[in-house]
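# Report on the structure
Listed below are the residues making up each chain.
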Amino acid sequence: MTVKLEDITIRYGSHVAVEGVTAEFPDGAVGLLGRNGAGKSSILKALLGLLRPAAGKLSVLDLAENASPLEIRRVVGYMPEKDCHIPGLNGYETVALAGRMTGLPARDAARRSHEMLYLVGLDEQRYRPVAGYSAGMRQKVKLASALVHDPQVLFLDEPTNGLDPAGRREMLDLVSTLADDLNKSVLLSSHILQDVERTCHSVVLLEKGRVMASGPMQELTQSPVRLFDLDSSAAPEALASALREAGVLEIEGRETKGSYRLTLPDHLPLPAIFAAVVSSGGTVRRLVEHRRSLEEVFLGAVGADSVEVR
Amino acid sequence: MIEFLGVSKWYGQVSALVDMSFTVEAGVTGLVGQNGAGKSTLMKLAIGLLRPSLGQVDVDGGSPQTPEVRRNLGYCPDLDAFYEDLNGLTFVTWMLRIHGYSGAEARRRAKDSLQRFGMAEVMGRKIRGYSKGMRQRIKLAQALAHEPKVVFLDEPMTGLDPVARHQMSEAIRELGESGVSVMVSSHVLHELQSVVDRVLLIHQGRLMAEGTVSDLRRQLEDRPHRLRLRSRNPRELAARLTSLEVVSGLSFTHDGLELATAGGDGLFQTLTELGADQGQLVDEIAPVDDSLEAVFGYLVS
Amino acid sequence: MTIHGVGYRSLEYQATPMWERLMPIASMEFRSMFQNRRGLIIFIICQVPAIAYLIMMMIILGIWKLFGEQAVMSGNEGFVALSEESPQNPISPAFYVDQVMLWSFPSFLVLTFLVSCRAVAKDRAANALEIYWTRGITPIGYFLAKWFGSFLLLGVGFVALPVCQWIIGVMMAPDATFFDSTYAFMPRVILTMTLFTAVMSGMAVGFSALSRSPNFSAILWVLLMFGSTALGNALSQIFRSQLWLRSLSPWDSAGRLVHWGAGVQDTRDQPLWSACMVIGTVILLLVLALSRRLRVQEAVQ
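What counts and what doesn't
Residues numbered from 1 in each chain as written. Chains lettered and ligands numbered in written order. Predicted model: local features only at pLDDT ≥ 70, side-chain atom pairs only at ≥ 80, totals over all residues. Heavy atoms only, no water. Helix = DSSP H or I, 4+ residues; strand = E, 2+ residues; numbered from the N terminus. Buried < 20%, exposed > 50% of the residue type's maximum accessible area, 1.4 Å probe, protein only. Contact = heavy atoms within 4.5 Å. Areas by Shrake-Rupley, 256 points an atom, 1.4 Å probe, with all protein chains shown as cover. Lys, Arg positive; Asp, Glu negative; His and termini not counted. Charge placed at Lys NZ, Arg CZ, Asp CG, Glu CD. Pairing = 2+ DSSP bridges. Axes fitted to C-alpha atoms, helices over the stretch in contact; angles between N-to-C directions. Phe/Tyr/Trp six-rings, centres within 6.5 Å; stacked < 30°, edge-to-face > 60°. Lys NZ or Arg CZ within 6 Å of the ring centre and 35° of its normal. pLDDT = per-residue confidence, 0-100. Patch = residues over 30% accessible without salt bridge, like charges linked within 9 Å, V, L, I, M, F, W, Y side chains within 5 Å. Salt bridge = Lys/Arg side-chain N within 4 Å of Asp/Glu carboxyl O. Buried area = accessible area lost by both parts, 1.4 Å probe. Polar contact = N/O pair within 3.5 Å; in protein donor to acceptor, adjacent residues only side chain to side chain. Nonpolar A, V, L, I, M, F, W, Y, C, P; charged D, E, K, R; others polar.

## Some details on the overall build of chain B
- Helix and strand counts for chain B stand at eleven helices and 13 strands.
- Evaluated residue by residue, chain B yields a buried proportion of 52% over its 301 residues.
- Partitioning the intrachain contacts of chain B with sequence separation of at least 6 by distance along the chain shows that 67% fall at a separation of at least 24.
- Surface exposure of chain B reaches about 13400 Å², of which carbon and sulfur atoms provide 49%.
- Computing the positive centroid from 33 side-chain charges and the negative centroid from 38, chain B places the two 9 Å apart.

## Quick look at the sheet that holds strand E9 (residues 206-211) of chain B
Residues and elements named next belong to chain B.
- A sheet is described by the order of its strands in space; here six strands give the open sequence E5-E6-E7-E3-E8-E9, paired in mixed fashion. The sheet is open, and its two edges are formed by strand E5 (73-76) and E9, each paired on a single side. Put simply, the sheet's adjacent strands are angled 15° from each other on average, direction ignored.
- Sheet analysis places strand E3 (residues 27-32) next to strand E7 (residues 181-185), joined by five bridges and oriented parallel. Bridge pairing links Gly 27 to Ser 181 in E7.
- This element, helix H6 (residues 162-177), spans E3, strand E6 (150-154) and E7 of the sheet and lies at about 150° to E7.

## Section: the packing of aromatic side chains
- The final tally for this structure, using the stated rule, is 24 aromatic pairs over all chains.
- With a centroid separation of 4.8 Å and 35° between ring planes, the pair formed by Phe 108 of chain C and Trp 251 of chain C is classed as tilted. On the criterion of sequence distance, the pair formed by Phe 108 of chain C in helix H6 (residues 105-114) and Trp 251 of chain C in helix H13 (residues 250-262) is long-range, its members being 143 residues apart.
- Note on Phe 148 of chain C and Phe 151 of chain C: the rings are 6.1 Å apart at their centroids and 25° apart in plane angle, and the pair reads as stacked. Of the two residues, Phe 148 of chain C and Phe 151 of chain C both sit in helix H9 (residues 139-172), three residues apart, roughly one turn of that helix.
- For Phe 148 of chain C, a relative accessible area of 36% gives the class partly exposed.
- Since its relative accessible area comes to 18%, Phe 151 of chain C is described here as buried.
- By way of ring pairs, the aromatic residues Phe 105, Phe 108, Phe 158, Phe 196, Phe 207, Trp 221 and Trp 251 of chain C are connected into one cluster.
- Residue placement shows Arg 235 of chain B over the ring face of Phe 252 of chain B; its charged tip is 4.2 Å from the ring centre.
- Geometry around Phe 113 of chain C places Arg 118 of chain C over its ring, the cationic atom sitting 4.9 Å from the centre.

## Let's talk about the sheet that holds strand E4 (residues 54-59) of chain B
Residues and elements named next belong to chain B.
- Judged by pairing direction, the sheet is antiparallel, and its three strands sit side by side in the order E2-E1-E4 without closing on themselves. At either end of the open sheet lies a strand with only one pairing partner, and these are strand E2 (14-24) and E4. Sheet twist, expressed as the average angle between the axes of neighbouring strands with direction ignored, equals 20°.
- Bridge analysis of strand E1 (residues 2-11) against E2 gives seven bridges, and the strand direction is antiparallel. Looking at E2, one finds that Ile 2 is bridged to Val 24.
- Contacting E1, E2 and E4, helix H1 (residues 39-46) crosses the sheet at an angle of about 120° to E1.

## Describing the confidence of the model for chain B
- When pLDDT is averaged across chain B, the result is 87; 100% of the residues are at 70 or more.
- Mean pLDDT values for the elements of chain B range from 81 in helix H8 (residues 213-219) of chain B up to 93 in E7 of chain B.

## What about the environment of Gly 28 of chain A?
- Relative to the helices and strands, Gly 28 of chain A resides in the loop between strand E2 (15-25) and strand E3 (29-34).
- A sequence separation of 25 residues divides Gly 28 of chain A from Val 3 of chain A, and the C-alpha atoms of the two residues are 11 Å apart.

## A closer look at a nonpolar patch on the surface
All names here are of chain C.
- A cluster of nonpolar side chains, Trp 19, Met 23, Phe 148 and Leu 152, forms an exposed patch at the surface whose accessible area comes to about 380 Å².
- Of all the elements in the fold, those that place two or more residues in the nonpolar patch are helix H1 (18-31) and H9.
- Mapped onto the fold, Met 23 is located in helix H1.

## Observations concerning unusual backbone geometry
Residues and elements named next belong to chain B.
- Even without being a glycine, Asp 60 presents a positive backbone phi close to 55°.
- With respect to the secondary-structure elements, Asp 60 resides in the loop between E4 and helix H2 (67-70).
- The phi angle at Gln 204 is positive, at roughly 50°, despite the residue not being glycine.
- As for its placement among the helices and strands, Gln 204 is situated in the loop between strand E8 (198-203) and E9.
- Using a relative accessible area of 60% as the deciding quantity, one classes Gln 204 as exposed.

## Overview of the interface of chain C and chain A
- On the chain A side, the residues contacting the 34 residues of chain C number 39 residues.
- With both sides pooled, the region where chain C packs onto chain A buries about 3500 Å², and carbon together with sulfur makes up 59% of that total.
- Its largest share of buried area at the contact with chain A, chain C owes to Tyr 8, Tyr 13 and Arg 135 of chain C, together 25% of the area lost on that side.
- The interface formed by chain C and chain A holds two salt bridges in total.
- When the shortest N-O distance is used, the salt bridge between Arg 9 of chain C and Glu 115 of chain A registers 2.3 Å.
- Our count for the chain C to chain A interface comes out at 15 residue pairs in polar contact (both at pLDDT 80 or more).
- Secondary-structure elements contributing two or more residues to the side of chain C that touches chain A are H1, helix H7 (119-125), helix H8 (129-133) and helix H15 (296-299) of chain C.
- Counting residues per element, the side of chain C that touches chain A draws most heavily on H1 of chain C, at six residues.
- Residues belonging to the side of chain C that touches chain A are distributed by class as follows: 18 nonpolar, eight polar and eight charged.

## Describing the pattern of salt bridges
- Considering all chains together, one arrives at 36 salt bridges over all chains under this definition.
- Notably, a salt bridge pairs Arg 126 of chain A with Asp 123 of chain A, separated by 3.4 Å at the nearest N-O pair.
- Overall, the relative accessible area of 27% leaves Asp 123 of chain A in the partly exposed class.
- Residues joined by salt bridges that share partners form a network here, namely Glu 105, Arg 108, Arg 109, Asp 112 and Glu 147 of chain B.

## Looking at the interface of chain B and chain A
- Each partner contributes to the interface: chain B provides 41 residues, whereas chain A provides 39 residues.
- Here chain B packs against chain A, burying approximately 3400 Å² in sum over the two surfaces, 57% of which is carbon and sulfur.
- A salt bridge links Arg 198 of chain A to Glu 293 of chain B; its shortest N-O distance comes to 3.4 Å.
- Inspection of the region where chain B meets chain A yields nine residue pairs in polar contact (both at pLDDT 80 or more).
- Among the elements of the structure, helix H5 (132-144), H6, helix H7 (189-193), helix H10 (265-276), strand E13 (284-287) and helix H11 (292-300) of chain B are those that each provide at least two residues to the side of chain B that touches chain A.
- Of all the elements, H10 of chain B adds the most residues to the side of chain B that touches chain A, at seven residues.

Here it is, written out as C-alpha cells:
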C-alpha cells in the first residue's frame, strides 16, 4: 500500500473541503477523480505536506506518521496542474534545479536531468529556454522534474491538460511506462475519464469531500447484469428471433446500423450467440462484453442529473 | 451553411491554411487537428475575424464580414479572457447590445440564455469569482444568446470537470438536433466522437479528410483493420487463422490474439463459425481501430 | 558483445543539507544580471563610483602619477596632506562609506530595478512558486536564498569593492602608516556596510514578493525610493528646522544609520530617532505583509 488516508478532514476556516476520507491507494496507477472542488487537490496538498489536516492520519510508503513534509517530498514526485516554469532557465537547468532543491548533489542532479529529459523525449530541446516551449513540451519538463529524484510515488495533476491528440497519447504512454514497467506508484488526477480508463488499474472517486466509490477499475465498470454488444450483418428480424430462441433475455439496438445490446442470462454460453447468428444467416462482426464506461460510473456516483453548476 | 472555396491564409510568410474547400451543413461538425494545424485560423476566417488571403468564405449565404451575416453567427473562443469586474449577466447583456438588441430585450435574452446553462443563481456575481466551468458557460451563453444559425465553439471543454463535460456534450448535441450548424473543436477525440455527426480533419493547414467517422475508416483501405479476439486457446486459434489470405498479421495478447486483416466477409464467417463451435476458440471479437482517434492517427502519421 | 539498454536507472544519493539546496537559487538570482552582454555592461557602469574612488585613492597614494613626476606627492605625502577628517582621504572611514552613500544611489536603483524587485514577482507571475515550494525547501528558505543572491549582487559595489580598495591601499602604500591609521575602523565600516546592503536588498526582494507583476513592482519600487528621497530633500530644504523630514527616504535614513554605525560625521544631520523609526517601520510592514503573502497556500491553489 503506497498511500493511506485514515479519516482525513481538511478545513479552510469554516469551510470543510474534505470530510472523513478513508482511502488506500494501491501500487500501480490509481485514478483520483472528482469534480472541481470535490477535494482532490486538498488531498494532494495534504499528502505533500502543504497543509495540515484538521483530523485524521495519512501515511506515505513506510514513512513515520509524523514525517516532515520535506521527508515526504523526498519519496514523492509532484507534477503541478498549472502551467508553470522557472523564468530564464532552459529545460536541462530546470530539471537539474528541481533535483538540487530536493537534495540531490550537483553531479547526481546533472546526470538525472539528462536522463529524465531523455526518458520523456525532450532530448533535443533540452538546451532551449522553457519559456519558448509548446504546451506539450512544458508538460514533459514538469514530468521530468517530478521524476528527477527517483521518487517511488508520483502525483500527476491533470498531466494531459492542453495537449493535442498526439501529445496526449505520448503522455499517457509515459504514465503507463512509469506505472507498469518502472513500478512507480502513480496517483493520476484527471478530468478526462478516458485517460484514467486507459492508464489506471483502480480508481478513487471523490464528491463533496467524501469518497463516493473506490476500487479496481474492473469491479467498478462491471455491469450489474450480463450485457454484450453485438454487431452483425444478419437480417434484423431473423437475428432477433434466433437470439431469443437461444435464450437471450433482451435485445435492444439500432437495427439500421446492425448494432445490438444483448442481455444474457447468467449461464448462457457464448457459442449459443454465435450459433444463433449463424442460423440467421449472418456473421458476427463484433461481440464484446459491455462494460460501463467510467463516465457512467462517475455520473452515477455523483448523481449528475441533480447536481448544481460549479 | 458554411462554405470554403479554395481558401488559403498566410500571415506574412507563414502559411496557416492551404487551399481549403469544403461545405458544412446543419448538425454538429467536429474540427480535429494537432496544435498549430490551423483550427483556430479556420474558425476565425469563418466568423469573419480574418479575411482569407485567397479564395472565398461563405457562411449562411454571404460573407461573414457583413453585419447581416454576422448577426447569425455565434462564437465561443478558446481564450479565457473577460472583463473580470462585470457580473455574468451584464457581460452577456453587453454582448447582445453589440448585436443590436435594445436594452430590455438584451437583458431578457441574456437571462434566458444564462438560465439555460444553469447559471441563474450565479449570474449576479463578478466573473472574477467564477470557476472554470462557469466561465466556459458564460462564453457559451453569449455565443448562443442571440439564437444564431451557425455556431463555432473552440475547445469548449478545456478545464471542465467530468460532469460539466457531460452537460456540455449534451448541450452541443441538442443544439445540433435543433437545426443549428455547430462547428466544435476538441483535443479529446473520444469525447468529440460521441457529439459530432461528421468531422473535418486538418493537418498542417490542409484538409486531410471530411465525413463521418465510419465512412472515413472504410475509405482507409490500405490500412489493415485490427481485431482483438479473446480466446481460451489462442495458439490453436492462431493456427486456424494463419491459413486465411486476408490475415496479414497476428500477435498474442494476455488473453487472446490481435489480428491485422484486410477484413472481408470470409474472415468474419470463419470467426463466427469458430465461435459457434463448442471448442470455444473465439469468445469475443472486438475491432480496435474504428474510432476517431485511430482514424486520426492513421491519417496524420 | 553487449547490448546496453538505455532505460531508467534508479538513484542512490545522500541528501544534501538545506543550505546546499538553496545555493542554486541564490546563484541563479546573482547570475541573472549577467545573462547577456547588456546586463554585464550595465553592471559595470553601476560600479563607476567604486572605480572612481579607487582611482582617486591611487592618485592620492601616488601609485598613479597622473600629472607627471613633478606634480605628484609621493609616499605618504598624499594622505598626510589631506585633513584626516576629509571624506576624500583614504585614511578616514568616510572615504569608504561616502562612495556608496553619496554616489551609489543611482546604481542601487538600477540594480534593484533590474534584479531584486523582480526576484519573487517574476516567479509568482510564471507560477514558479509552486515548483519551488513543493520541493525539499521551505518558503522561508526560498526567500532567504533570493535575498542572499540579491545581497551578493549589491554587495559587489557596496562592500567588496571598498574592501578591495582598502586592501590595495595597504599593499601599495610605501610603509605601514596607511595600515596603522585605518585598521582600527575598517572592521566597523565593513560590518556596517554589510548590514546596510543586507537590509536594502532585503527590502527590495521583500517588496518583490508582494506583487504579481515584476514590472509593476520594479517600477513602483523605484518611484517610492526615488520619490521619497526627492520629497525628503525638498521638504527639509523648505522647513529648515524640521530635519527629520529627510528621513522620509529609506535610503537616506539607512545612510544616517550607516554613518552613525561606522562612526562617520554625517553632513546630512537628520536625527537618529527618525531614521530608526522609518527603517524599523518599513521592515515591520514588510515582515507583516510577507508573512501573509509567502504562505504556501498563496502559491498552491
